[in-house]
Amino acid sequence: MKKILFVFLFCFGFCFMSCAAYAGEKDVAQVEFTGGVDFEKERISTFNDSKQISGSAESGTVIKITVYTVNLRGNLRERESYEIEVGKSGLFSQSIDLRLGENLVEFSACLEGKEDFIDEVVINRKERGIKYKLENEIYLPGSGN
Amino acid sequence: MRYTFREAEIEKEISVMRVSRQKRDFKTLAIGVLLAAALYQTGTLWLENYSGHNFFYYIASLNSAAQKENEVSAVLDAEYITVGYGSKVFNVLYGKSAQELKKSADKVIKEAAEKKDMEELEEINLPEIIDKKAVIYSMPCESLVSEYLNALDAKTKENISFGFSSVVVAPSSGIKNEDEVYFINSDESKALIFRGNCESGKNLYDLIDKKATDSYDSLQYISTAQNGFNIFGKNVFVPQWSQSRLDYAVIEERNAFDDAGDNDLLAKIEPFFGSYHGQTWDRDDSGAFTVSDNDIVVKYSPDGMLEYYSYKVDSSESVQSVYSAYKACTEFLALDESITSDYYLSQVQFKSNTMVFCFDYCVDSIPVMLYDPSDENAEERHAIEVAVKNNSVKNYRRYAVDFVKSGETAFAEKDFLSAVNEAAADASENGALTDIENIMMCYGKNSEGNYSLKWFTYISGTVYAADTKNS
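Residues numbered from 1 in each chain as written. Chains lettered and ligands numbered in written order. Predicted model: local features only at pLDDT ≥ 70, side-chain atom pairs only at ≥ 80, totals over all residues.

**Here's the deal with the overall build of chain B**
Test applied: Runs of E in the DSSP output that reach at least two residues are strands. Runs of H or I that reach at least four are helices, and both are numbered from the N terminus. Two things to know: the radius of gyration comes from C-alpha atoms, and the globule rule equals 2.2 Å times the number of residues to the power 0.38. To assign burial, the other C-beta atoms lying within 10 Å of each residue's own C-beta are counted, with C-beta atoms placed from the backbone; 20 or more indicates buried, 12 or fewer indicates exposed, and intermediate counts indicate partly exposed. Here contacts are defined at the residue level, using C-beta atoms placed from the backbone and a cut-off of 7 Å between them.
Helices and strands together make up the secondary structure of chain B, namely nine helices and 23 strands. Here the C-alpha atoms of chain B give a radius of gyration of 30 Å, more than 25% beyond the 23 Å that 2.2 N^0.38 yields for 471 residues. For chain B, the spread of C-alpha atoms along the three principal axes comes to 120 × 65 × 40 Å. Within chain B, the fraction of its 471 residues that count as buried is 34%. Within chain B, contacts between residues at least 6 apart in sequence are counted, and of these 65% link residues at least 24 apart.

**Comments concerning the confidence of the model for chain A**
Counted only if it meets this: The predictor rates its confidence in each residue with pLDDT, a number between 0 and 100.
Within chain A, residue pLDDT values average 81, and 72% of them lie at 70 or more. Note that pLDDT drops below 50 for residues 18-24 of chain A; the model gives that stretch zero contacts with residues more than four away or on any other chain.

**So, the interface of chain A and chain B**
Our working rule: Following the grouping adopted for this structure description, the nonpolar residues are Ala, Val, Leu, Ile, Met, Phe, Trp, Tyr, Cys and Pro, the charged ones are Asp, Glu, Lys and Arg, and the polar ones are all others, Gly among them.
With 19 residues of chain A at the contact, the number on the chain B side is 21 residues. Of all elements in the fold, only strand S1 (31-36), strand S3 (50-57), strand S6 (91-97) and helix H2 (128-136) of chain A reach the threshold of two or more residues within the side of chain A that touches chain B. A per-element tally of the side of chain A that touches chain B places S6 of chain A first, with six residues. Of the residues that constitute the side of chain A that touches chain B, the class distribution is four nonpolar, twelve polar and three charged.

**A short note on the sheet that holds S3 of chain A**
Residues and elements named next belong to chain A. Let me state the cut-off plainly: DSSP calls a pair of strands paired once it identifies at least 2 bridges connecting them. Convention adopted: a line fitted to C-alpha atoms gives each axis, helices being fitted over their contacting stretch, and angles between N-to-C directions are expressed from 0 to 180 degrees.
With antiparallel pairing, the three strands of this open sheet are ordered in space as S1-S3-S6. Strand pairing shows two members of the sheet lacking a second neighbour, S1 and S6, which therefore form its edges. Neighbour-to-neighbour, the strand axes of this sheet turn through a mean angle of 25°, independent of strand direction.

**Details of the sheet that holds strand S2 (residues 43-46) of chain A**
Residue and element names in this part refer to chain A. The strand order S2-S8-S7-S4-S5 describes an open sheet built from five strands, whose pairing is mixed. Of all the strands in the sheet, the pair left with one neighbour each is S2 and strand S5 (76-85). Across the sheet, the mean angle separating the axes of adjacent strands is 25° when strand polarity is ignored. Here strand S4 (residues 62-70) pairs with S5 via nine bridges, running antiparallel. When the bridges of S5 are listed, Tyr68 appears paired with Glu78.

**Observations regarding helix H6 (residues 201-214) of chain B**
Residues and elements named next belong to chain B. Stated precisely, the cut-off is as follows: Multiplying 1.5 Å by the helix residue count minus one yields the expected span of that helix. Directions are taken from the helix axis to each C-beta atom, and the arc is the one they span.
With 14 residues, H6 extends 20 Å between its outermost C-alpha atoms, agreeing within 8% with the 20 Å of an ideal straight helix rising 1.5 Å per residue. When H6 is considered as a whole, its buried residues turn out to be Gly201, Leu204, Tyr205 and Ile208. For H6, the arc enclosing every buried residue in end-on projection is 105°, short of the 170-degree limit, so these residues lie on one face. H6 presents Lys210, Thr213 and Asp214 as exposed residues on the side facing more than 90 degrees away from its buried surface. In the core, the buried residues of H6 are packed alongside strand S1 (80-85), helix H3 (99-115), strand S4 (133-144), strand S5 (163-170) and strand S6 (179-185).

**Points about the domain arrangement of chain B**
All names here are of chain B. Note the cut-off: In this document the domain limits rely on a domain assignment from an automatic tool or a database.
Taken domain by domain, chain B comprises domain 1 (80-240) and domain 2 (252-404). With centres defined by C-alpha atoms, the gap from domain 1 to domain 2 works out at 31 Å. Counting residues at the interface gives twelve residues for domain 1 and 13 residues for domain 2. Within the residue set of the side of domain 1 that touches domain 2, elements represented by two or more residues are strand S2 (90-93), S4 and helix H5 (145-151). With three residues, the top contributor of residues to the side of domain 1 that touches domain 2 is S4. Looking at the side of domain 1 that touches domain 2 residue by residue, the classes come out as seven nonpolar, three polar and two charged.

Structure (structure tokens):
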């Protein structure tokens, strides 16, 4: 009886182990962003008409970057698409063009035998004139500016 | 009445004597002037620096020597100047296109050094420093801050013996922040900073804004340090374009003296001889044209080399610094009226007591490489070399060609990382890949003698060349 109980508990425990393994992290293509767009944020703002996306990944990783504009209704329209294969240096760098308003940047990295790495960020490009005003005018509380 | 007549005779005699004495005085004066002129001319012709041979000149020169110290140096030019727009986007400027910014930035440096507080930073964070609007000088060699400030005629409180190889001038908009001037020693990762509000800072700030608007369509650069590319040993500004290709102007090399007759050549070479016109000239069987006098030989060879040699004996030894030698160099270069192509100071070589200033041509702020550095058998060659010894130019060599735009355009499609990957693959065949020292996009010559944009990647002392077109 003890043996049967032991086998039952062992099998029962094994079931839990397999469940834990199933819920674990998948083997995803590794990407590290080292400069330019910060994908840890959901939204960022800029006055520039272009942004850099730089980082490192395993050699052979294919990186796809797609830039969409978002209209007032929230509809997406593809504007630019870039594809780079990471070489021997293990580095990637791409300058992307931005339009005024909201730009959704979709980033994916594919490496054979690994799950795709996918991330996205919304970049809000603002008028350069606003920056000039901010830099050259002093705003005082109650001044009416 | 007789007495009166006698008086008249005496007066007449006196008057005659006066006239003859005046004539004698005039003759003495004329002989004196002629003697002095003869001595001066003999001295100038035979003894060159005649004034240095007299005793009184020597005493007078002792007093003026200290004053002349500042006058004999010129502000050393940067190899290239990078202008940062405060958005992690830069433009790299070579030659004349960098002069306007440098002039404005030098004013800020002078003002900051004279009036503002100085602080030494033991550790610098370059990506943070160049994150603002800034003008960055990349100097061709390391020199002392005091030498640079002396050349700018800045009145500083103390002698600053800090070696630097780059300068960052970050002006403020005039409302917020302070103007900052960093003299950076890249090898030791140290900096000397002058910080405070300068009147000239706003002008530089506005000029950077203007450049940002003007350079909207020009080639943009990114910083490897700001993008975390640690594979590069130092910060390098690399060109990058967002479109699939970059269109550029095709250039052609034209011989500067191809159509020049003997008289044209003589007229262009004559300024090297100063005001003395006693030179003789000759054209030998190979077509080489030589003009010489007792001290100077200028030769133009059919292969396009213009060479100058000075055999003048220096009357005295003078202390030579990079800045004093550069003054002699720039004054000499102004004599060569045949230079029409833009050029920049690419290197300073130190050979015993001689300094060699090397210059290379550039077109639209893109350097022109006259030789293939990836070819191990190719001899390092610069467009212009000026050897200065004892603050006097002893030798000058120039590849006398003009670079003109043909009117056609070509395109580059391979980006810098593809060039790095190719070079890294080649380098790892020869051994383990270490730091990438530099990467440049320049006009390079192919085997047919045509120029196109090429990548030159410097890894562990070896240069790897790659075409900008995908093969």
